[in-house]
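Structural characterization, general
What follows is each chain in one-letter form.
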Amino acid sequence: DEIKANKQPIGEFEFKQPFTNHEIKLDQGDTIYIFSDGYVDQFGGPRGKKFKYKTLKQLLIDNRKLSMDDQKSLLNKTFEDWRKVIEQLDDVCVIGVRF
């Protein structure tokens, strides 16, 4: 399942709204991921396009059974292979936690 984030920055801005709180029940073996937009907004690949949310989501789903260390290595390699020589645009944060 996917929980959509609020569409607003974290810092100070004019039209601040409270963030939505979510409670979810997790079972042993469940894994959750949160990430900034830095990974998905990175330009690269054969046509210099953005990586995109759909691609990251599929990457996480396809590799969810790997150990967390192996997932980290895969995410790092995939990102670097994607961007190649294109400068990194933004900070990249991907957090995965397995219960």
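Use the structure listed above.
Model, not experiment: these values are computed from the prediction.

1. As for the overall build of the chain
- From N to C terminus, the chain includes two helices and four strands.
- Mapped from its N terminus to its C terminus, the chain presents α and β elements in the order β-β-β-α-α-β.
- Over its C-alpha atoms, taken along the principal directions, the chain stretches across nearly 40 × 40 × 20 Å.
- Per-residue burial over the chain gives 16% buried out of 99 residues.
- Once local pairs closer than 6 in sequence are excluded, the contacts in the chain between residues at least 24 apart make up 61%.
- Split by element, the accessible area of the chain, about 8,200 Å² in all, is 54% carbon and sulfur.
- Of the charged side chains in the chain, 17 are positive and 17 negative; the average position of the first set lies 7 Å away from that of the second.

2. Concerning the packing of aromatic side chains
- Evaluation of the coordinates by the stated rule reveals four aromatic pairs.
- Each ring, one from Tyr39 and one from Phe51, has its centre 5.2 Å from the other, and the planes form 80°; the classification is edge-to-face. Within this pair, whereas Tyr39 is found in the loop between strand S1 (31-35) and strand S2 (43-44), its partner Phe51 is found in the loop between strand S3 (49-50) and helix H1 (53-62), the two being separated by 12 residues in sequence.
- Judged by relative accessible area, Phe51 falls into the buried class, the value being 6%.
- Measuring from ring centre to ring centre gives 5.2 Å for Phe51 and Trp82, while their planes differ by 90°; the resulting arrangement is edge-to-face.

3. Quick look at the environment of Tyr39
- Its relative accessible area of 2% is what places Tyr39 among the buried residues.
- For the pair Tyr39 and Gln71, spaced 32 residues apart in sequence, the C-alpha to C-alpha distance is 14 Å.
- Residues contacting Tyr39, with those up to four places away along its chain left out, are Phe51, Leu56, Leu59, Leu75, Thr78, Phe79, Val92 and Val94.
- A distance of 2.8 Å separates a polar side-chain atom of Tyr39 from the backbone oxygen of Leu75.

4. Description of the packing of H1 against helix H2 (residues 68-83)
- Between H1 and H2, whose axes approach to 11 Å, the crossing angle comes to 150°. Put simply, H1 runs roughly antiparallel to H2. Seen along the crossing, H1 lies across H2 with a hand that is right-handed. On H2, the residues that touch Leu56, Leu59 and Leu60 of H1 are Leu74, Leu75 and Thr78.
- Of the residues belonging to the contact of H1 with H2, the class tally is five nonpolar, one polar and no charged.

Rules of the game
Residues numbered from 1 in each chain as written. Predicted model: local features only at pLDDT ≥ 70, side-chain atom pairs only at ≥ 80, totals over all residues. Heavy atoms only, no water. Helix = DSSP H or I, 4+ residues; strand = E, 2+ residues; numbered from the N terminus. Buried < 20%, exposed > 50% of the residue type's maximum accessible area, 1.4 Å probe, protein only. Contact = heavy atoms within 4.5 Å. Areas by Shrake-Rupley, 256 points an atom, 1.4 Å probe, with all protein chains shown as cover. Lys, Arg positive; Asp, Glu negative; His and termini not counted. Charge placed at Lys NZ, Arg CZ, Asp CG, Glu CD. Phe/Tyr/Trp six-rings, centres within 6.5 Å; stacked < 30°, edge-to-face > 60°. Polar contact = N/O pair within 3.5 Å; in protein donor to acceptor, adjacent residues only side chain to side chain. Axes fitted to C-alpha atoms, helices over the stretch in contact; angles between N-to-C directions. Parallel < 35°, antiparallel > 145°, perpendicular 65-115°, else oblique. Left-handed = near helix turned anticlockwise from the far one by under 90°. Nonpolar A, V, L, I, M, F, W, Y, C, P; charged D, E, K, R; others polar.

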